[in-house]
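Descriptive structure summary
Take a look at the letters that make up each chain.
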Amino acid sequence: MMNNNHTKKRRIEQDDDDDETKTKFENLPVEIIHDVLSKLPISSLVQFKCVCRAWRVLGQHPNLVNLYLTTTKQNDPCLIFHCDFPIRNQLYFVDFAGNHEKVKRINTPFSPKMPEFDLVGSCNGLLCLSDSLYNDSIYIYNPFNSNYLELPKSLNFPDQQLVFGFGFHLQNFKLVKIIYYRNGYPRARRLVYPQSEVQILTLGTSEWRSLGKISYQLVRRPSEALVNGSLHWVSRAQRYNPSRRIISLDLGEERFREVPKPDCGSLSRCNYHLLVLKGWLSAAVYCNYGRLEIWVMKEYSVKESWVKLYSIGAYTLPKAVKQNMDRSFKIWNKSLDRKVVRVLGILKNGEILLEYKSRVVVTYDPIIGKFKDLTLHGTPNWFQAVVHLGTLNWIHT
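Residues numbered from 1 in each chain as written. Predicted model: local features only at pLDDT ≥ 70, side-chain atom pairs only at ≥ 80, totals over all residues. Heavy atoms only, no water.

Things to note about helix α5 (residues 62-72)
This is how it is decided: Only protein chains enter the accessibility calculation, which uses a 1.4 Å probe; a residue is then buried when its area is under 20% of its type maximum, exposed when over 50%, and partly exposed in between. Starting at the N terminus, helices and strands are each numbered in turn, a helix being any DSSP run of H or I of at least four residues and a strand any DSSP run of E of at least two. For this quantity, the arc is that covered by the directions from the helix axis to the C-beta atoms.
Burial in α5 covers these residues: L64, V65, Y68, L69, T71 and T72. Looking straight down α5, one finds that the buried residues subtend no more than 165° of arc, so they occupy a single side. More than 90 degrees from the buried face of α5, the exposed residues found are P62 and N66.

A closer look at the nonpolar core
Applicable threshold: Here the nonpolar core consists of buried residues drawn from Ala, Val, Leu, Ile, Met, Phe, Trp, Tyr and Cys, with membership extended through side-chain atoms lying within 4.5 Å. Should any heavy atoms of two residues lie within 4.5 Å, those residues are considered in contact.
By size, the foremost hydrophobic cluster in this structure holds 27 residues, and its most contacted members are I80, L91, F110 and L129. I80 has contacts with L91, Y92, F93, I106, L119, L127, P143, Q384, A385, V386 and H388, leaving out every residue within four places of it along the chain. By size, the runner-up hydrophobic cluster in this structure holds 19 residues, among which are I138, I140, F166 and Y181.

Points about the packing of aromatic side chains
Our working definition: When the centres of two rings from Phe, Tyr and Trp lie within 6.5 Å, Trp using its six-membered ring, the rings pair. Their planes under 30 degrees apart give stacked, over 60 give edge-to-face, and anything left gives tilted.
The full count for this structure, using the stated rule, is 13 aromatic pairs. Ring geometry for F110 versus Y148: centroids 6.0 Å apart, planes at 65°, classification edge-to-face. Note that F110 is positioned in the loop between β3 (104-106) and β4 (117-123) and Y148 in strand β7 (residues 147-150), a separation of 38 residues in sequence. Classification of F110 as buried rests on a relative accessible area of 1%. On the basis of an interplanar angle of 50° and a centroid distance of 5.9 Å, the ring pair of Y139 and Y148 is categorised as tilted. On the basis of relative accessible area, Y148 is assigned to the partly exposed category, the value being 35%. One aromatic cluster is present, built from ring pairs that chain together F110, F117, Y139, Y141 and Y148.

Brief notes about the side chain of R342
Cut-off, in case you're wondering: In protein, a polar contact means a hydrogen-donor-capable atom and an acceptor-capable atom, both N or O and within 3.5 Å, with residues adjacent in sequence counting only if both atoms are side-chain atoms; elsewhere, any N or O pair within 3.5 Å suffices.
Relative to the assigned elements, R342 resides in strand β20 (residues 341-346). Given a relative accessible area of 16%, R342 falls into the buried group. Among the polar contacts made by the side chain of R342, one reaches the main-chain carbonyl oxygen of A385 at a distance of 3.0 Å. The residues contacting R342, other than those within four sequence positions of it, are P222, H273, Y286, L353, L354, E355, Q384 and A385.

Here's the deal with unusual backbone geometry
Non-glycine residue S146 carries a positive phi angle of around 60°. Along the polypeptide, S146 turns up in the loop between β6 (138-142) and β7. Non-glycine residue K278 carries a positive phi angle of around 55°. Mapping K278 onto the fold places it in the loop between β16 (272-277) and β17 (280-286). Residue K278 is classed as exposed on the basis of its relative accessible area, which comes to 58%.

Remarks on the sheet that holds β4
Stated precisely, the cut-off is as follows: Strand pairing is assigned whenever DSSP identifies at least 2 bridges connecting the two strands. Think of each axis as a best-fit line through the C-alpha atoms, taken over the contacting stretch in the case of a helix, with angles from 0 to 180 degrees between the N-to-C directions.
Strands sit in the order β4-β5-β6-β7 across an open sheet of four strands; the sheet is antiparallel. At either end of the open sheet lies a strand with only one pairing partner, and these are β4 and β7. Neighbouring strand axes in the sheet, compared pairwise and without regard to direction, differ in orientation by 20° on average. Note: β6 against β7, four bridges, orientation antiparallel.

Remarks on the packing of helix α2 (residues 30-37) against α5
Threshold: Should the near helix be turned anticlockwise from the far one by less than a right angle, the crossing is left-handed, and should it be turned clockwise, the crossing is right-handed. Put simply, Ala, Val, Leu, Ile, Met, Phe, Trp, Tyr, Cys and Pro go in the nonpolar bin, Asp, Glu, Lys and Arg in the charged bin, and everything else, Gly too, in the polar bin.
It is at 9 Å that the axes of α2 and α5 come closest, and there the two elements cross at 35°. Here α2 runs over α5; the crossing is right-handed. Between α2 and α5, the residues in contact are H34, D35 and L37 and N63, L64, L67 and Y68, respectively. Among the residues forming the contact of α2 with α5, the class breakdown is four nonpolar, two polar and one charged.

Description of the confidence of the model for the protein
The condition that has to hold: Confidence scores here are pLDDT values: one per residue, from the predictor, ranging 0 to 100.
Summing up the model confidence of the protein, the mean pLDDT is 81 and the portion of residues at 70 or higher is 82%. The least confident element of the protein, judged by mean pLDDT, is helix α1 (residues 2-26) at 49; the most confident is strand β12 (residues 226-227) at 96. Counting contacts from residues 11-18, a segment whose pLDDT is below 50, to residues more than four positions away or on other chains yields zero contacts. Low pLDDT, under 50, characterises residues 326-338; the predicted model gives this stretch 22 contacts beyond four residues in sequence or across chains.

This is the structure we're talking about:
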């Protein structure tokens, strides 16, 4: 009995201490509170909001939201994992600025309306997700405050392929939907979609606008590089023109352009994917024998400013992963799109984040030339990883 009374007394004293701490914190000038909170990892900030109602209100203050977005761009990012096995409806995250050893599952409140989805991309703390079953619904979602918005329905065709782009320009988020379709071309080859329609939606408006047709066949990949107010894609190789081009869409002018690339070197002749490194438009180029080169454009749209920044050797998968791999994945050089390895980004310590075969995330130290396997507890068996800025941004309509 005495032990129970002693325990209750300790709990009361602890609660009193916690209340006193909360009161002292809340009495600080709001500018100091915002400065302190802006330095927390997003996972810690989410926990902070759950302490009490007053702290939840503090965590939603517009000044803090804007300051946090500015601050978090200077920190290590989050990774969002889209698990597509057995069905494509699960999201997970790991916070490299906080506890980067534990992967946590993200709630998806829109799942009843969109049971399976593709991850279109990430921009300024918001995710864009599209319906992978019916090509109909599209949602914008902040996974750290559960704020989401279903976008207006857009044009669809019975037989189509979609390429998306999600970006931000000035004060507006914009979503681009490129539709390749075969209406009126019943004899077209199975993988050929000869007609196109480009649509664009500014978040906060109710209607999609048409930008007409596009003369390029673009490759669909998540989080197309957003640099200089423009989204970027890689074009598909054509029978009589095997060179892959870099195509941009200026989100201000809403016009497509071709971005120049060097006439020589691996970037001029090999397959590659685009990303943003240190604010530069970058290309991860797939070379022979599993090698990877990373090129960056140090002055935007200047052909001569492309330089090879990194050269990465072949990586050997851990034995446990190899044993569970399907035979079709074992020799990545024979992969159709060579998407076995993807460069995700660069950490503050200079190490490069890489995703291999949708199974593992590793880092590469370019100074010593060595890989390091990351131990991420709770990572799904199969996933697609996207770099994400964890923020508390609200979706304004």
